[in-house]
Amino acid sequence: MADPFSQLLEWRRAEASARVLSKISPEFYVGTTRYLAELRRSYEVDLRENPSGRKGEISRQTYQRASQVARDILEARAQKLLSAAFQASVGGARDLPNALAEERAMFDEILSTLVGFRRDCAPYLEPGPTTAPTAPPPAPPLATPPASPAPVARGPAPPQPRNPPPATAYVRIVRTTRPLELGSETVDLREDDILSLPLDAAKLLVDGKVAEALRTNSPAKGR
């Protein structure tokens, strides 16, 4: 049978190479605690008897190395337990092969905590009973609209005012020039002709020195 230190090394190698819990002694936690306590007592006794002796120093180093190996095994297995408990809390399997009694108790406690947390703080993540939709309340009866008042007799509508005729001006052509387009008509412009034109057209001819404005509305001749 391997000595306790060599056995710890073997268990650490197995734990590091497996994704799930490896198989170790059911007495791992109790036996390791006892073994490390004995190592500590041994090197303390040796160092008290001979502080500079080699035996005490070797015992102390053995204790430190064994403590580190045991810590590595515990932390690796604890990480696997935490991951398995989380997966179980979201619907994964709850079986835990190779778990020791102490580890199973921790797994169950962590799983219970995770499930309770989801239930209390995030109930929307948990499937709930399906309830039938509630029928909407009946609509209130429609109010009867009031009767429309009888139409009031009105007289004939007053006649709409007609648009006033556009303002015009009389001009006399002082210089024969090219024909002028007035709307849809073309008017020849000859000297001394008297024309009645819209104000803008008359102003255009006067400004262009083609005609002169007349102050009278009684032209001598015109078109």
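See above for the structure.
Here is what the cut-offs are and how they apply
- Residues numbered from 1 in each chain as written.
- Predicted model: local features only at pLDDT ≥ 70, side-chain atom pairs only at ≥ 80, totals over all residues.
- Heavy atoms only, no water.
- Pairing = 2+ DSSP bridges.
- Helix = DSSP H or I, 4+ residues; strand = E, 2+ residues; numbered from the N terminus.
- Axes fitted to C-alpha atoms, helices over the stretch in contact; angles between N-to-C directions.
- Buried < 20%, exposed > 50% of the residue type's maximum accessible area, 1.4 Å probe, protein only.
- Arc of directions from axis to C-beta.
- Salt bridge = Lys/Arg side-chain N within 4 Å of Asp/Glu carboxyl O.

S.K.: Explain the sheet that holds strand E5 (residues 211-213) to me, using residue names and the numbers behind them.
M.R.: The strand order across the open sheet formed by three strands is E4-E1-E5, and the pairing between neighbours is antiparallel. Only two strands of the sheet have a single neighbouring strand rather than two, namely strand E4 (194-198) and E5. Strand-to-strand twist in this sheet, taken as the mean axis angle between neighbours without regard to direction, amounts to 40 degrees.

S.K.: Break down helix H5 (residues 199-207) for me, with residues and values.
M.R.: The set of residues buried in H5 consists of Ala201, Ala202 and Leu205. Projection of H5 onto a plane perpendicular to its axis shows the buried side chains occupying an angular sector of 100 degrees, all on one side. Facing away from the buried surface of H5 by more than 90 degrees, the exposed residues are Asp200, Lys203 and Leu204. A positive phi of about 60 degrees marks Lys209, the residue just after H5.

S.K.: Outline the environment of Ile173, supporting the account with residue identities and numerical values.
M.R.: Relative to the elements of secondary structure, Ile173 occurs in strand E1 (residues 168-173). Among the residues examined, Ile173 registers a relative accessible area of 0% and is labelled buried. As a C-alpha pair, Ile173 and Arg190 span 17 residues in sequence and 6.4 Å in three-dimensional space.

S.K.: A description of the pattern of salt bridges should follow, citing residues and the corresponding values.
M.R.: This model, assessed by the stated rule, comprises 11 salt bridges. Notably, a salt bridge pairs Glu44 with Arg40, separated by 3.1 Å at the nearest N-O pair. With a gap of four residues between them, Glu44 and Arg40 both fall in helix H2 (residues 28-49), about one helical turn apart. Note on Glu44: relative accessible area 28%, which makes it partly exposed. Arg119 is the partner of Asp120 in a salt bridge, and the nearest nitrogen-oxygen pair spans 3.7 Å.

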